[in-house]
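# Residue-level structural notes
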Amino acid sequence: MTTSATSGTGPADPSGPTENSMRRALKRARDGVALDASEAAVLLQARGEHLDALTASAARVRDAGLEAAGRPGVITYSKSVFVPLTRLCRDKCHYCTFVTVPGKLRRAGHGMFMSPDEVLDIARKGAALGCKEALITLGDKPEDRWPEAREWLDAHGYDDTIAYVRAISIRILEETGLLPHLNPGVMTWTDFQRLKPVAPSMGMMLETTATRLWSEPGGPHHGSPDKEPAVRLRVLEDAGRSSVPFTSGILIGIGETYEERAESLFALRKVSRAYHGIQELIIQNFRAKPDTAMRGMPDAELDELVATVAVARHIMGPSACLQAPPNLVDAEYERLIGAGIDDWGGVSPLTIDHVNPERPWPQIDELAAKSRTAGFELRERLCVYPEFVRRGEPWLDPRLRPHVAALADPETGLAREDAVVEGHAWQEPDEAFTATGRTDLHATIDTEGRTSDRRDDFDEVYGDWGALREAAAPGMAPERIDTDVRAALATAADDPAKLTDDEALALLHADGPALHALCKVADDVRRSVVGDDVTYIVTRNINFTNVCYTGCRFCAFAQRRTDADAYTLSLDQVADRAQQAWEVGAVEVCMQGGIHPDLPGTAYFDIARAVKERVPGMHVHAFSPMEVVNGATRTGMSIREWLTAAKEAGLDSIPGTAAEILDDEVRWILTKGKLPTATWIEVVETAHELGIRSSSTMMYGHVDQPRHWLGHLRTLAGIQQRTGGFTEFVTLPFIHTNAPVYLAGIARPGPTLRDNRAVTAMARLLLHPHIPNIQTSWVKLGTEGAAEMLRSGANDLGGTLMEETISRMAGSSYGSYKSVKDLIAVADAAGRPAKPRTTLYGQVPEERQRAARDSDGHLPRLLPVLD
């Protein structure tokens, strides 16, 4: 049964729930039993005595949460100013009076955006009144709809609206001391990376998951691209992946049914449980406004709001923070407190609510008195909730910590009553490249091992393992198909480029004699394309830090700064290692590191420059696409600008790592905060356009399926056809031993030998003729495994490495180093000659070959030779 949830649907509604269903749902709520969506829809219709019973149990849940949080009997608010940065928007919501058009702004004497002086004037006045939050609200991507918005941004030197939001946030921090809370609407994953260093919290209302209200003509969100529920849910997930404290909520009474309202709350709970990043949930009641398409729609009644707050409390649980805006009710504050809220939201002594201008804020003294009458003490919080203030990293960027610390009580995380609101410099942390921690890990990982198999925050840092386990279940047992492998083999032998997806998938599942035949076909193609030489490179890996808070669930390398195995190298240590490598014949250093929160976006330039200054002839192969995006977003540069600057600093090529599987279905299980597929592709293609070549990779054998391998390889082939920038494809079998996703029982224990042979062979065939070099990883497969891959279509062994920490931390047992003789022996085992190469697969100068022969590419003082 579907019932309308618009105002006017009261207890007398004949289509409402039965008495028995209401009593049963109330009992489950009272007993603390988890509700399902149908029970929640019933409870949303509680009225009279039923509503009293519902709110009483909700209040008990809220009180238990406040007790556990250490602030029993406290209800919070944020003293803020409202900054309507622009009222232009590309959406057309039928109830909105906030949004306007360029002509009206001009006639009123306003610009398309508020100027910096206008923003700072409001912020300074707010600071003088003791406000601590600057709520920056604006329309979605106005430049996509209005040429006038685009012209304003161009005239003021901003690439897009997000760039202006970032710039004005920094000025607010530096010149007024207020903390920006950003509501720029729908954001991409990259937008979050750009804004996280300048704002401790952000927000966007989900409003509803009822797609019909967006898709059907006449619906409140029809014609508004940013109001598609799937798009908005993706924003909430990207906020969680980016560890951004995020405010969201629902708007009730816009035409949704009770079932749809319940589904919206459960969708918010799912995101909250998966990422632990929703800091507050706003339950906002619809208020009709004149001069809008929905001006005749009745307001959501108070009982509707109270019931929704109480149901939200039961669904979200005791630890959730629930807010109902006090200016949208007529002084019925006690009923909202009794329903389970614990926060009043932002309240301004200076500015109006520009979204609901007809509804003035209550006076803070009045709000305190009303709260006191209901038995609660009103306390001021910051825009970022106290739980996140106390959590610290990765939720608070190091650049913001001094600004938050200046206003926050270190014990409670609430606002300090005696805080002086004044500007502080927004700057990078000091001494980014101080050598710290276990800097000898590159050597001692082979002799002493890692301190423990997992981090202390294993149960929290990676998100909700239960939700991940459910999402990953299909990948635990790889699917098998029954297709004509013989026909597919015939196509592969004739012309691999003609393989259909069905044929390719059949070959990726090949086993037994069919697998042997597949590997022979791949090896024949390899021989015809690159000959019999097995290439290798004398190189040194330099992992300059393993401090990282991205939360990749497959990674055993990342450490918190306080962990026993954490380290960061100084620039001199990086340069020393590059020089040592040059002395023993290296032609390349491969440099990657964790996403250390203290490293500025320009740190990567410093690293490349340090190597080039010390060893001008060394090829700098460095910085994964994830590191590129990190550098670009921290500096406020575009990806193209950042890569151009990196190239000028000495970057020669980039590793195509951070790819894992180029399918977001798999990526969001494997990683929490790493870049999406589309962004990886953007980085790589931009690098290629700038003449910065890259490798390409695929990590497989975890929660993936052969269909994902096929899609990944097709994607790489497409990029190569467009850019020609890939030097090779590298197979990276998943090392499971210490990987968090495996320790949590979610991933398979790495690929089988069959998988490794099939992936290597199919990489040769599916990337033909676009990527001629297929590399196998001795670090992950060992000598025998690597030799087998050389018989299955591979032609390259990678490098000597000299040090390798990432795979060893994950549990690889094949050591951190191969000498030149070791690599030649692997080629011998495959019955093939070996040949040194450069990063770009060119001829190695004789002087470099001689240095490598004399030392065997070996660093005896630093690394033991492993048998």
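Residues numbered from 1 in each chain as written. Predicted model: local features only at pLDDT ≥ 70, side-chain atom pairs only at ≥ 80, totals over all residues. Heavy atoms only, no water.

## What about the overall build of the protein chain?
- The number of helices and strands found in the protein chain is 35 helices and 21 strands.
- Within the protein chain, buried positions represent 63% of all 867 residues.
- Residue pairs in contact within the protein chain that sit at least 24 positions apart in sequence constitute 78% of those at least 6 positions apart.
- For the protein chain, the computed accessible surface area is about 30900 Å², with 50% contributed by carbon and sulfur atoms. (Helix = DSSP H or I, 4+ residues; strand = E, 2+ residues; numbered from the N terminus. Buried < 20%, exposed > 50% of the residue type's maximum accessible area, 1.4 Å probe, protein only. Contact = heavy atoms within 4.5 Å. Areas by Shrake-Rupley, 256 points an atom, 1.4 Å probe, with all protein chains shown as cover.)

## Section: the confidence of the model for the protein chain
- In the predicted model, the protein chain carries a mean pLDDT of 89, and 89% of its residues have values of at least 70.
- Confidence drops under a pLDDT of 50 for residues 6–13, and excluding neighbours within four residues, the segment shows 15 contacts in the predicted structure. (pLDDT = per-residue confidence, 0-100.)

## Concerning the packing of helix 5 (residues 116–128) against helix 7 (residues 161–175)
- Orientation of helix 5 relative to helix 7, taken along the N-to-C sense of each, is 40°, at an axis distance of 10 Å. By the angle between their axes, helix 5 is oblique relative to helix 7. At the point where helix 5 passes helix 7, the crossing takes the right-handed sense. On the side of helix 5, the interface is formed by Pro116, Val119, Leu120 and Arg124, while helix 7 contributes Tyr164, Ile168, Arg171, Ile172 and Glu175.
- Tallied by class, residues from the contact of helix 5 with helix 7 come to six nonpolar, no polar and three charged. (Axes fitted to C-alpha atoms, helices over the stretch in contact; angles between N-to-C directions. Parallel < 35°, antiparallel > 145°, perpendicular 65-115°, else oblique. Left-handed = near helix turned anticlockwise from the far one by under 90°. Nonpolar A, V, L, I, M, F, W, Y, C, P; charged D, E, K, R; others polar.)

## Some remarks on the packing of helix 26 (residues 639–649) against helix 28 (residues 677–689)
- Put simply, helix 26 and helix 28 touch, their axes get as near as 10 Å, and they point 50° apart. Judged by the inter-axis angle, helix 26 sits oblique to helix 28. The two elements helix 26 and helix 28 meet at a crossing, and its hand is right-handed. In this structure, helix 26 contributes Ile639, Arg640 and Leu643 to the contact, and helix 28 contributes Glu682, Val683, Thr686, Ala687 and Glu689.

## Regarding helix 23 (residues 571–583)
- Over its 13 residues, helix 23 extends 19 Å from the first C-alpha to the last, a length consistent with the 18 Å expected when each residue adds 1.5 Å.
- Looking one or two places after helix 23, you find Gly585, whose phi comes out positive at around 100°. (Expected span 1.5 Å × (residues − 1).)

## With respect to unusual backbone geometry
- The omega torsion of the bond from Glu393 to Pro394 falls at 5°, within 30 degrees of zero and hence cis.
- Residues His768 and Pro769 are joined by a peptide bond in cis, for which omega reads -5°.
- Structurally, the position occupied by Pro769 is in the loop between helix 31 (753–766) and strand 19 (774–775).
- A positive phi angle is found at Lys141, which is not glycine, with a value near 35°.
- Along the chain, Lys141 turns up in the loop between strand 2 (133–138) and helix 6 (147–155).

## Comments concerning the pattern of salt bridges
- Counted according to the given criterion, the structure contains 58 salt bridges.
- Among the ionic pairs, Glu148 bridges to Arg106, the shortest N-O distance being 3.9 Å. A residue pair is termed long-range when its members are at least 10 positions apart, and Glu148 in helix 6 and Arg106 in helix 4 (residues 102–107) qualify at 42 residues.
- Glu148 sits in the partly exposed class, given a relative accessible area of 22%.
- Here Arg106 falls in the partly exposed class, since its relative accessible area comes to 48%.
- Between Arg241 and Asp238 there is a salt bridge; the shortest N-O distance is 2.8 Å. Taken together, the residues Arg241 and Asp238, both in helix 10 (residues 229–241) and three residues apart, mark about one turn of the helix.
- By relative accessible area, Arg241 is classed as buried at 5%.
- According to the relative accessible area criterion, Asp238 is buried, its value standing at 3%. (Salt bridge = Lys/Arg side-chain N within 4 Å of Asp/Glu carboxyl O.)

## Topic: helix 31
- With 14 residues, helix 31 ought to run about 20 Å at 1.5 Å a step, and its terminal C-alpha atoms sit 20 Å apart, in line with that.
- Most of helix 31 is tucked away, with 13 of its 14 residues classed as buried.

## Side note on the packing of aromatic side chains
- Under the defined criterion, the tally for this structure stands at 16 aromatic pairs.
- On the numbers, 5.9 Å between centres and 85° between planes, the contact of Phe113 with Tyr164 is edge-to-face. With Phe113 in the loop between helix 4 and helix 5 and Tyr164 in helix 7, this pair connects stretches of sequence that are 51 residues apart. The exposure classification of Phe113 matches that of Tyr164, with both residues buried.
- Among the aromatic residues, those joined into a ring-pair cluster are Phe544, Tyr604, Phe605, Phe623 and Trp642.
- If you follow Arg241 out to its NZ or CZ, it ends over the ring of Trp668, 3.7 Å from the centre. (Phe/Tyr/Trp six-rings, centres within 6.5 Å; stacked < 30°, edge-to-face > 60°. Lys NZ or Arg CZ within 6 Å of the ring centre and 35° of its normal.)

## A closer look at the environment of Glu428
- Inspection of the secondary structure assignment puts Glu428 in the loop between helix 16 (401–405) and strand 10 (436–437).
- Taking relative accessible area as the criterion, Glu428 reaches 26% and is therefore assigned partly exposed.
- Sequence spacing of Glu428 and Pro600 is 172 residues, and the spatial spacing of their C-alpha atoms is 5.9 Å.
- Once residues within four sequence positions are removed from consideration, Glu428 is found in contact with Arg399, Pro600, Gly601 and Arg634.

## What to know about the pairing of strand 1 (residues 74–86)
- With respect to burial, strand 1 is a largely interior element, 13 of its 13 residues being buried.
- Pairing geometry for strand 1 and strand 8 (residues 343–347), over three bridges, is parallel. Within the sheet, the bridge partner assigned to Thr76 lies in strand 8 and is Asp343.
- In this structure, strand 1 lies alongside strand 2, joined through six bridges in parallel fashion. What sits directly across from Val83, in strand 2, is Ile136. (Pairing = 2+ DSSP bridges.)

## Re the nonpolar core
- With 127 residues, the main nonpolar core has Met591 and Trp680 as its most contacted residues.
- Non-local contacts of Trp680, meaning those with residues more than four positions away in its chain, are made with Pro625, Gly656, Thr657, Ala658, Ala659, Leu662, Leu675, Leu716, Ile719 and Phe726.
- Counting residues in each nonpolar core, the second largest holds 120 residues, with Ala41, Ala58, Tyr158 and Leu178 among its members. (Core = buried A, V, L, I, M, F, W, Y, C linked by side-chain atoms within 4.5 Å.)

## Digging into the pairing of strand 17 (residues 693–700)
- Most of strand 17 is tucked away: seven of the eight residues are buried.
- Alignment of strand 16 (residues 653–654) against strand 17, held across two bridges, turns out to be parallel. Across the sheet, the residue bridging to Ile654 is Ser694, located in strand 17.
- Of the strand pairs in this sheet, strand 17 and strand 18 (residues 726–733) are connected by six bridges, and their pairing is parallel.

## Let's talk about the environment of Glu422
- Along the chain, Glu422 turns up in the loop between helix 16 and strand 10.
- Along the sequence, Glu422 and Thr176 sit 246 residues apart, while their C-alpha atoms lie 5.1 Å from each other.
- The contacts of Glu422, once residues within four sequence positions are left out, are Thr176 and Gly177.

## Considering the environment of Asp664
- You can see Asp664 is positioned in helix 27 (residues 664–670).
- Assessed through its relative accessible area of 27%, Asp664 is described here as partly exposed.
- Counting along the chain gives eleven residues from Asp664 to Leu675, while the straight-line C-alpha distance between them is 9.6 Å.

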